[in-house]
Amino acid sequence: MQFRDLGKQYQTLKADIDQAMLSVASEAHYIMGPQVKELERELAEYVGVKHCITCANGTDALTLALKAWGIGPGDAVFVPDFTFFSSAEVVALEGATPVFVDVDADTFNINAASLEKAIKETLAEGSLTPKVVVTVDLYGLPANYPAVKEVAKQYGLLILEDGAQGFGGSINGQKACSFGDISTTSFFPAKPLGCYGDGGAVFTDNDEWAALLESYRVHGKGTDKYDNVRIGMNSRLDTLQAAILQVKLHAFDDEVERVNQVADTYTRLLAGHVKTPVIPKGFRSSWAQYTIQLPTEAARNGLQAALKAAGIPSMVYYPKTMHEQTAFQNADVKRPASRQGYDQYVATRLCRTVLSLPMHPYLETSDIEAICATLIANI
Ligand SMILES: *Cc1c(COP(=O)(O)O)cnc(C)c1O
């Protein structure tokens, strides 16, 4: 059994994907071929925003957004303490200061009350200017945008939606990657919409930012390709990846439906045995991960070992909070205030108790039943 069976997905879409890849090979527009622009149009339409700018990966997508906004030294960027490293790495790379914010125990996403508290503390301390909040749509579930937007508005923060795991999710029908002032996603193979290598995209309704993003993506180009008007990056999406993504985007709604059925089956079979993911009313997840919570670290590690012995892969996303990362120990970051004890601080507790189970659109019901039976017998 595989944790995320990408081979099965390829077999399902093989004829169209092979055709798309061969077309790119024979047409020979390997960089910025017509498929890139077509895909950008299709992605913008899918998400419901005006502009999509594809790029080399989801980390660059975040960096491009921070560059377009001119974020740098002296700026505070609020980041959930429980996420993949990129969400905070890009902030430090631009010379700004990540300020870590606790998350919600039910949804794993940034907690709006903790965000407001962190902003107030930053303002009181006085050395940094609050500028941006990075909202991560963790495990496929959109962050609590109704609550976060209120706080962001009150304190004049821009919202950068890190939708690397969230593409395909929605709130009351509004799609993920449309919630930020700028939103980003990743097409890393294991993400909800993955390509066959690295890829990413940035989304915005703002014309001025879109023009800046396009410039930063290609060496800070001006109107003439060889007139470089700012220091930029080389962060294009390959034509080959764009062609693969076009095929996969057409199958994507069906896949989101399938992962939601897989999640429903898990939740039904595990109810009453273990804490299963909570999807707030009106929210829809694209299920980048299906993540349960065990009562203790020992229970979590014991279960993972028992699953492994039965040939069932599982993963700990993530074993360390951002503020515990080695790279941030001597870096310019704001740690959670020490008065937030171990028991009250959700992010630390989650690192010790979460476990993600096999999840992909082509997971068979018989496999889900076998996973749940083994799980229930070992908790
Ligand atoms: C995967 C991921 C990224 C980075 O995407 P890459 O394409 O691997 O650079 C950023 N943020 C989150 C939350 C992710 O899961």
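Owing to the predicted nature of the structure, the values given are computational and were not obtained by experimental measurement. (Residues numbered from 1 in each chain as written. Predicted model: local features only at pLDDT ≥ 70, side-chain atom pairs only at ≥ 80, totals over all residues. Heavy atoms only, no water.)

1. Things to note about the pattern of salt bridges
Thought 1: A full pass over the atoms with the stated rule returns twelve salt bridges.
Thought 2: Notably, a salt bridge pairs Glu-94 with Lys-67, separated by 3.2 Å at the nearest N-O pair. Here Glu-94, found in the loop between α4 (86-93) and β3 (97-101), pairs with Lys-67, found in helix α3 (residues 58-68); they are 27 residues apart in sequence, far enough to count as distant.
Thought 3: On the accessibility criterion, Glu-94 (15% relative accessible area) is buried.
Thought 4: A salt bridge links Glu-257 to Arg-284; its shortest N-O distance comes to 3.1 Å. In this pair, Glu-257 sits in helix α9 (residues 252-270) while Arg-284 sits in strand β10 (residues 283-284), placing the two residues 27 residues apart along the sequence.
Thought 5: Here Arg-284 falls in the partly exposed class, since its relative accessible area comes to 29%.
Thought 6: Linked by salt bridges that have partners in common, Lys-37, Glu-40, Glu-214 and Arg-217 make up one network. (Salt bridge = Lys/Arg side-chain N within 4 Å of Asp/Glu carboxyl O. Helix = DSSP H or I, 4+ residues; strand = E, 2+ residues; numbered from the N terminus. Buried < 20%, exposed > 50% of the residue type's maximum accessible area, 1.4 Å probe, protein only.)

2. Regarding the pairing of strand β4 (residues 129-136)
Thought 1: Burial analysis of β4 places six of its eight residues in the buried class, the great majority of the element.
Thought 2: Where strand β2 (residues 75-80) and β4 come together, four bridges link them in parallel fashion. Across the sheet, the residue bridging to Val-77 is Val-132, located in β4.
Thought 3: When β4 meets strand β5 (residues 158-162), the two strands line up parallel, connected through five bridges. Bridge pairing links Val-134 to Leu-160 in β5.
Thought 4: Handedness of the crossover is the feature at issue here: the chain leaves β4, passes through helix α6 (residues 145-155), returns alongside β5, and the resulting connection is right-handed. (Pairing = 2+ DSSP bridges. Right-handed = clockwise from strand over helix to strand, strands pointing away.)

3. Section: a nonpolar patch on the surface
Thought 1: On the surface, a nonpolar cluster with roughly 290 Å² of combined accessible area is contributed by Tyr-30, Ile-31 and Met-32.
Thought 2: Inspection of the secondary structure puts Ile-31 in the loop between α1 (6-27) and α2 (34-47).
Thought 3: With relative accessibility at 47%, the residue Ile-31 sits in the partly exposed group. (Patch = residues over 30% accessible without salt bridge, like charges linked within 9 Å, V, L, I, M, F, W, Y side chains within 5 Å. Areas by Shrake-Rupley, 256 points an atom, 1.4 Å probe, with all protein chains shown as cover.)

4. A few points about empty space enclosed by the protein
Thought 1: With the rule as written, the count across this model stands at three cavities of 30 Å³ or more.
Thought 2: Taken as a whole, the largest cavity spans an internal volume of roughly 90 Å³.
Thought 3: Phe-108, Tyr-139, Leu-141, Pro-277 and Ile-279 are, among the 13 residues lining the largest cavity, the residues nearest its centre.
Thought 4: Each pocket or cavity is described by its volume, and for the second largest cavity that value is around 70 Å³.
Thought 5: What lines the second largest cavity is a set of 13 residues, among which Arg-4, Leu-6, Gln-9, Glu-255 and Pro-361 lie closest to the centre.
Thought 6: When its residues are assigned to classes, the lining of the second largest cavity shows five nonpolar, three polar and five charged. (1 Å grid on protein atoms, 1.4 Å probe; cavity = no way out; pocket = protein on both sides within 12 Å on 5 of 7 lines; lining within 4 Å. Points joined across faces, edges and corners; volume = space filled by probe spheres on them. Nonpolar A, V, L, I, M, F, W, Y, C, P; charged D, E, K, R; others polar.)

5. A closer look at helix α5 (residues 112-125)
Thought 1: Between its first and last C-alpha atoms α5 spans 20 Å; for 14 residues at 1.5 Å apiece the expected length is 20 Å, and the two agree.
Thought 2: Every buried residue of α5 is accounted for by Ala-112, Ser-114, Leu-115, Ala-118, Ile-119 and Thr-122. Each buried residue of α5 lies within a common arc of 155° when the element is viewed along its axis, so the set occupies one face. α5 presents Ala-113 and Ala-124 as exposed residues on the side facing more than 90 degrees away from its buried surface.
Thought 3: Buried residues along α5 sit against β2, β3, β4 and α6.
Thought 4: Capping the start of α5, Asn-111 holds a side-chain oxygen 2.9 Å from the backbone nitrogen of Ala-113, two or three residues further along.
Thought 5: Taken from the residues just after α5, Gly-126 is the one with a positive phi, measuring 90°. (Expected span 1.5 Å × (residues − 1). Arc of directions from axis to C-beta. Contact = heavy atoms within 4.5 Å. Polar contact = N/O pair within 3.5 Å; in protein donor to acceptor, adjacent residues only side chain to side chain.)

6. Focus on the site of the ligand
Thought 1: Close to the ligand lie 14 residues, the nearest being Gly-58, Thr-59, Asp-162, Ser-186 and Lys-191.
Thought 2: A distance of 2.7 Å separates an oxygen atom of the ligand from a polar backbone atom of Gly-58.
Thought 3: One of the side-chain nitrogen or oxygen atoms of Lys-191 is found 2.7 Å away from an oxygen atom of the ligand.
Thought 4: Burial of the ligand by the protein amounts to 93% of the accessible area it has alone, namely 380 Å².
Thought 5: Spatially, the ligand is embedded in the largest pocket.
Thought 6: Secondary structure elements with two or more residues in the shell around the ligand: α3 and α4.
Thought 7: A per-class count over the shell around the ligand returns three nonpolar, nine polar and two charged. (Near = heavy atom within 4 Å. Sits in = over half its atoms within 2 Å of the grid points.)

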